[in-house]
Protein chains: 2
Amino acid sequence: MPQKVRIALDAMGGDHGATVVVPGAAESLVRHPDSEFILFGDSSVIEPVLRRHPRLAEAARVVHTDVAVKMDEKPSQALRHGRWKSSIWLALDAVRKGEADVAVSAGNTGALMAMAKFNLKTIEGIERPAIAAIWPTLRGESVVLDVGASIGADAEHLCDLAAMGSAMARVLFDIERPTVGLLNIGVEEVKGLDEVRKAGQILREQPVPYLEYYGFVEGDDIGKGTVDVVVTEGFAGNIALKTAEGTARQISGYLRGAMGRTWKARLGYWLAREAFRALREKMDPARSNGGVFLGLNGIVIKSHGGADVEGFAAAVDLGYDMARYELMAKIRQALARGRDQTSAVVAVGGAAL
Amino acid sequence: MPQKVRIALDAMGGDHGATVVVPGAAESLVRHPDSEFILFGDSSVIEPVLRRHPRLAEAARVVHTDVAVKMDEKPSQALRHGRWKSSIWLALDAVRKGEADVAVSAGNTGALMAMAKFNLKTIEGIERPAIAAIWPTLRGESVVLDVGASIGADAEHLCDLAAMGSAMARVLFDIERPTVGLLNIGVEEVKGLDEVRKAGQILREQPVPYLEYYGFVEGDDIGKGTVDVVVTEGFAGNIALKTAEGTARQISGYLRGAMGRTWKARLGYWLAREAFRALREKMDPARSNGGVFLGLNGIVIKSHGGADVEGFAAAVDLGYDMARYELMAKIRQALARGRDQTSAVVAVGGAAL
């Protein structure tokens, strides 16, 4: 990797476009002065904002395009009118051409994923990409994947998710052998879990040096932080993510209601306001903003569309880390080892059945 | 239905057995004096506890059995040694024989479900039973099903779940046409959701008088209370339920931590302690304790194994309501209408494709 981390930004993405993307990049640059940026989008919108961030202006260049994908466009629509020329496409294209090490967009998830698949293509041997989320837990953070890129998974895809997720956890948490759990449900002898079971068998029997297989975990293990990496197919993963977000908002709502009801509670709230601020920060999605697209020939970070400056900066930080600490190399390493041995185990398993 | 609601209790189930089941029943009896109980289990354990609850003793009879299913037994094991004679089995058998209107157990979920299927059998036309949870929301409560009885669902099974869930919501919330949403994920044009889409089409096109089809909902809609009934297959449903429980515990953990850190926060906590108590109550699973097994020829309530007296009483209350307001009749009504029209729509849909 070159000495600088080169970050391609879709400056038009998200609910706020350049007014959040540019200051967000500036904030991240303060933390990582060895970053360089390419900003894709309408230069007449970007340039005025960029002028207010002279330090970023020095580390960035703007590539103009008129075309931007709307937040509510369907992936097929977005592909039709935005391929080759939209700000999302050009940011991805910079990664494909080796001009950038990572692309970051707060644009529409479906369009970003469709274009990323089309432009970057999946890694050889990986059929479908995945979206990995960083999930705050009682122990710190965990990687949870797939949170919605594709639905359903056979044992081999689950093992690929385990390999890619552990590579990401190595980068993110700086640990040698992240623990990996397969998301499952507790009731025993329920039919239909064959693929999850088979994946468990493969992960148990194959000694991958960068992955510590923990076993099955249940939904409540995610928040506990039982493992560093939680693996599941995209439907259940997305439901889990959204349900947790909903529950957090629900409890915030209860809390606000409860704390405003009597003068004692209001005074108590005022006295404990610092503690509540700390709590809000812990529950704040901005702090761990960004999903990572895994399984493509390049690193793509998806920021929340509604992210504020701080949130978008967190997504840029995430992109920086993934590039700086060589996520792609670690993924290839994990998959190369995984794949040889997976085939062996599947063959043996097949013979034994 | 006879004038009294006759409730069969597995007095050995749960982590605490009769010491929780008996006082729990006594508490529920105070609220519903028109209840009658049959307590199944070891009479040498039940009788001494029952003597401390004279009012319950008058409304209850004890049926002795030595056999109890352990909390960690696998369903197949439990069936082998507990069929015909365990306290779970006998409670279910009382429902089958028409001696009780509902069975309540805090016993092991897998064993209870296996025995319920074996003993009560599924309603004609329903292939697999479901477990429905009562989920606290910002608007009150919703019914969420299936939370883990079976994995995967075709469109017809999802429609059956919608019908049964809305019947339960009618009983529980006393509304004529509960709103029903199908749990889905937001990213558009993701492949693999054919059955959910097809179910949506059927529910839209069939005017069931007791069900208002809302459309798709996502994970965060559950906590919002967007609909009265959330329908999904058992794997995603169980993951959602456990993830929400985990998130609630996680936030409680953060809150406890934050409130103990400084003297101001501690004082604030003390002043606002009533508010926190109210919050804890809202988040307390005991308040809405109990899953309902749907799709069987009889009503079965599953209480949390770890429920305390108040929690078990809530499960008994739930059983009372389901029997008193004729859940079974409402389910049959919903299914009978649903089924005729489902077949028609499927046939038309098939011809149109």
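Structure shown above.
Because the structure is predicted, anything quoted here is derived from the model rather than measured. The numbering scheme is per chain: residues are counted from 1 as the chain's sequence reads. Both sets of labels track the order of writing: A upward for chains, 1 upward for ligands. Only residues with pLDDT of at least 70 are given local features in this predicted model, and only at 80 or more are side-chain atom pairs given and counted; all residues enter the totals for whole chains, interfaces and linings. As a convention, hydrogens and water are excluded, and side-chain values are obtained from all of the structure's heavy atoms.

### Some points on the packing of helix H7 (residues 155–173) of chain A against helix H8 (residues 194–205) of chain A
All names here are of chain A.
Logical step 1: Direction vectors running N to C along H7 and H8 enclose 50 degrees, while the axes themselves pass 8 Å from each other. Relative to H8, H7 is oriented oblique. The chirality of how H7 crosses H8 is right-handed. Across the interface between the two elements, Ala155, Leu158, Cys159 and Ala162 of H7 pack against Glu195, Val196, Lys198, Ala199, Ile202 and Leu203 of H8.
Logical step 2: Note that Gly is not counted as nonpolar here; it falls among the polar residues with everything else outside the nonpolar set of Ala, Val, Leu, Ile, Met, Phe, Trp, Tyr, Cys and Pro and the charged set of Asp, Glu, Lys and Arg. Of the residues that constitute the contact of H7 with H8, the class distribution is 8 nonpolar, no polar and 2 charged. Interaxial angle, 0 to 180 degrees, is taken between N-to-C directions of lines fitted to C-alpha atoms, where a helix line uses only the stretch in contact. Helix numbering and strand numbering both begin at the N terminus, where a helix is a DSSP run of H or I of at least 4 residues and a strand a DSSP run of E of at least 2. Any angle from 65 to 115 degrees is called roughly perpendicular, while one under 35 is roughly parallel, one over 145 is roughly antiparallel, and all others are oblique. Helix crossings are classified by the rotation of the near helix relative to the far one: an anticlockwise turn of less than a right angle makes the crossing left-handed, while a clockwise turn makes it right-handed. Residue contacts are counted whenever heavy atoms from the two residues lie within 4.5 Å of one another.

### Observations regarding the environment of Ala26 of chain A
Residue and element names in this part refer to chain A.
Logical step 1: By the element assignment, Ala26 lies in helix H1 (residues 18–31).
Logical step 2: Relative accessible area decides the class of each residue, using a 1.4 Å probe on protein chains only: under 20% of the type maximum gives buried, over 50% gives exposed, and in between gives partly exposed. Residue classification places Ala26 among the buried positions, given a relative accessible area of 12%.
Logical step 3: Considered as a pair, Ala26 and Phe37 are 11 residues apart in the sequence and their alpha carbons are 9.8 Å apart.
Logical step 4: The residues touching Ala26, leaving out its near neighbours within four places in the chain, are His53 and Leu56.

### Thoughts on the sheet that holds strand E9 (residues 229–231) of chain B
Residue and element names in this part refer to chain B.
Logical step 1: Being paired, for any two strands, means DSSP has found at least two bridges between them. Across the sheet, which stays open at both edges, the 11 strands sit in the order E3-E2-E1-E4-E11-E10-E5-E6-E9-E7-E8 with mixed pairing between neighbours. Only two strands of the sheet have a single partner each, and these edge strands are strand E3 (60–64) and strand E8 (212–217). If you compare each strand with its neighbour and ignore which way they point, the axes differ by 25 degrees on average.
Logical step 2: Note: strand E7 (residues 179–183) against E9, 3 bridges, orientation parallel. Counterpart to Val180 in the pairing with E9 is Val229.
Logical step 3: Strands in contact with helix H7 (residues 155–173) are strand E5 (130–136), strand E6 (141–145), E7, E9 and strand E10 (291–294); relative to E6, the strand with the most contacts, it is inclined by about 155 degrees.

### Quick look at a nonpolar patch on the surface
Residues and elements named next belong to chain A.
Logical step 1: A contiguous nonpolar patch, built from Trp263, Leu267 and Trp270 and spanning about 370 Å² of accessible area, is present on the exposed surface.
Logical step 2: Relative to the elements of secondary structure, Trp270 occurs in helix H11 (residues 263–271).
Logical step 3: The exposure class assigned to Trp270 is partly exposed, which follows from its relative accessible area of 49%. The patches described consist of residues with a relative accessible area above 30% and no salt bridge, like charges being joined within 9 Å and nonpolar side chains (Val, Leu, Ile, Met, Phe, Trp, Tyr) within 5 Å. Each accessible area value is a Shrake-Rupley result obtained with a 1.4 Å probe; residue values ignore everything except the protein chains displayed when judging cover. Salt bridges are identified by distance alone: a Lys or Arg side-chain nitrogen within 4 Å of an Asp or Glu carboxyl oxygen.

### Let's talk about the interface of chain B and chain A
Logical step 1: Each side of the interface is counted separately: chain B has 62 residues, and chain A has 62 residues.
Logical step 2: For the pair chain B and chain A, the summed buried area comes to about 5,200 Å², and 72% of that belongs to carbon and sulfur atoms.
Logical step 3: Our count for the chain B to chain A interface comes out at 4 salt bridges.
Logical step 4: One salt bridge connects Asp220 of chain A with Arg249 of chain B, and the closest N-O pair in it is separated by 3.2 Å.
Logical step 5: In protein, a polar contact requires one atom able to donate a hydrogen and another able to accept it; more generally it is a pair of N or O atoms within 3.5 Å, and residues adjacent in sequence count only if both atoms are side-chain atoms. Here chain B is connected to chain A by 10 residue pairs in polar contact (both at pLDDT 80 or more).
Logical step 6: At the level of elements, helix H4 (75–82), E5, helix H9 (219–224), helix H10 (234–259), helix H11 (263–271) and helix H12 (273–283) of chain B are the ones that each hand at least two residues to the side of chain B that touches chain A. Once two parts are joined, some of their accessible surface, as seen by a 1.4 Å probe, is lost; buried area is that loss totalled over both.

### Regarding the environment of Gly107 of chain B
Residue and element names in this part refer to chain B.
Logical step 1: Examined against the element boundaries, Gly107 turns out to sit in the loop between strand E4 (102–105) and helix H6 (109–120).
Logical step 2: Taking the relative accessible area as the measure of exposure, Gly107 reaches 3% and is therefore buried.
Logical step 3: In this structure the C-alpha to C-alpha distance between Gly107 and Gly268, which are 161 residues apart in sequence, comes to 41 Å.
Logical step 4: Every residue in contact with Gly107, bar those within four places of it in the chain, is listed here: Asp10, Gly13, Gly14, Met71 and Lys302.

### Brief notes about the relation of the copies chain B and chain A
Logical step 1: Here the copies are superposed with least squares, the fitted atoms being C-alpha atoms of residues at a pLDDT of at least 70 in both. Laying chain B over chain A is done by rotating through 180 degrees and shifting 0.0 Å along the axis; what remains is an RMSD of 0.1 Å. Here the two chains are linked by the operation of a two-fold rotation axis. Scanning chain B for the C-alpha nearest the rotation axis identifies Gly268 of chain B, at a separation of 1.8 Å.
Logical step 2: In this assembly the copies share their binding face: 100% of the residues contributing to the interface of chain B also contribute to that of chain A.

### Notes on the packing of aromatic side chains
The relative placement of two aromatic rings is captured by the distance of their centres and the angle of their planes.
Residue and element names in this part refer to chain A.
Logical step 1: Any two rings among Phe, Tyr and Trp, with Trp reduced to its six-membered ring, count as a pair given centres within 6.5 Å; such a pair is stacked if its planes are under 30 degrees apart, edge-to-face if over 60, and tilted if neither. Throughout the structure, instances matching the rule amount to 6 aromatic pairs over all chains.
Logical step 2: Between Trp89 and Phe118, the aromatic rings sit 6.0 Å apart at their centres with planes inclined by 55 degrees, giving tilted as the arrangement. Residue Trp89 is located in helix H5 (residues 87–96), and its partner Phe118 is located in helix H6 (residues 109–120); the two are separated by 29 residues in the primary sequence.
Logical step 3: Residue class for Trp89 comes out buried when judged on its relative accessible area of 3%.
Logical step 4: Residue class for Phe118 comes out partly exposed when judged on its relative accessible area of 34%.
Logical step 5: A ring is considered to have a charge above it if a Lys NZ or an Arg CZ atom is located within 6 Å of its centre and within 35 degrees of its normal. If you follow Arg170 out to its NZ or CZ, it ends over the ring of Tyr210, 3.8 Å from the centre.

### Things to note about the pairing of strand E4 (residues 102–105) of chain A
Residues and elements named next belong to chain A.
Logical step 1: Alternating positions in E4 separate into two faces, Val102 and Val104 on one and Ala103 and Ser105 on the other, with burial throughout.
Logical step 2: As defined by bridge partners, strand E1 (residues 5–10) adjoins E4 across 3 bridges and the pair is classed as parallel. Looking across to E4, one finds that Ala8 is bridged to Ala103.
Logical step 3: Pairing analysis gives 4 bridges linking E4 to strand E11 (residues 299–302), with the strands arranged parallel. Across the sheet, residue Ala103 finds its bridge partner in E11, namely Val300.

### A short note on the environment of Ala315 of chain A
Logical step 1: Topologically, Ala315 of chain A is positioned in helix H13 (residues 309–324).
Logical step 2: Between the C-alpha atom of Ala315 of chain A and that of His32 of chain A, which follows or precedes it by 283 residues, the distance is 13 Å.

### A few points about the packing of H7 of chain B against helix H13 (residues 309–324) of chain B
Residue and element names in this part refer to chain B.
Logical step 1: Their axes nearest at 9 Å, the elements H7 and H13 cross at an angle of 105 degrees. For the element pair H7 / H13, the angle class is roughly perpendicular. Along the contact surface, H7 presents Met168, Val171 and Leu172, while H13 presents Leu318, Asp321 and Met322.
Logical step 2: Here the residues of the contact of H7 with H13 sort into 5 nonpolar, no polar and 1 charged.

### Section: the pattern of salt bridges
Logical step 1: Per the counting criterion, the structure on display carries 24 salt bridges over all chains.
Logical step 2: Ionic pairing is found between Glu195 of chain A and Lys198 of chain A, a salt bridge with its closest N-O pair at 3.6 Å. Residue Glu195 of chain A and its partner Lys198 of chain A are located together in helix H8, separated by 3 residues, close to a single helical turn.
Logical step 3: Relative accessible area serves as the criterion here: at 28%, Glu195 of chain A is assigned to the partly exposed category.
Logical step 4: Where Arg6 of chain B meets Asp101 of chain B, a salt bridge forms, and the shortest distance between an N and an O atom there is 2.8 Å. Highlighted residues: Arg6 of chain B in strand E1 (residues 5–10) and Asp101 of chain B in the loop between helix H5 (87–96) and E4, separated in sequence by 95 residues. The pair formed by Arg6 of chain B and Asp101 of chain B is uniform in burial state, with each residue classed as buried.
Logical step 5: Residues joined in a network through salt bridges with shared partners are Glu27, Arg31 and Asp317 of chain A.

### Concerning the sheet that holds strand E9 (residues 229–231) of chain A
Logical step 1: The strand order across the open sheet built from 11 strands is E3-E2-E1-E4-E11-E10-E5-E6-E9-E7-E8 (chain A), with neighbouring strands paired in mixed fashion. Strands at the two margins of the open sheet, each flanked by one partner only, are strand E3 (60–64) and strand E8 (212–217) of chain A. Ignoring which end each strand starts from, the neighbouring axes of this sheet average 25 degrees apart.
Logical step 2: Its contacts with the sheet place H1 of chain A against E1 and strand E2 (35–41) of chain A, and it is angled at close to 175 degrees to E2 of chain A.
Logical step 3: Packed onto the sheet, H10 of chain B meets strand E5 (130–137) and strand E7 (179–183) of chain A and runs at close to 35 degrees relative to E5 of chain A.

Spatial relationships are all this shows, so hold off on functional conclusions.
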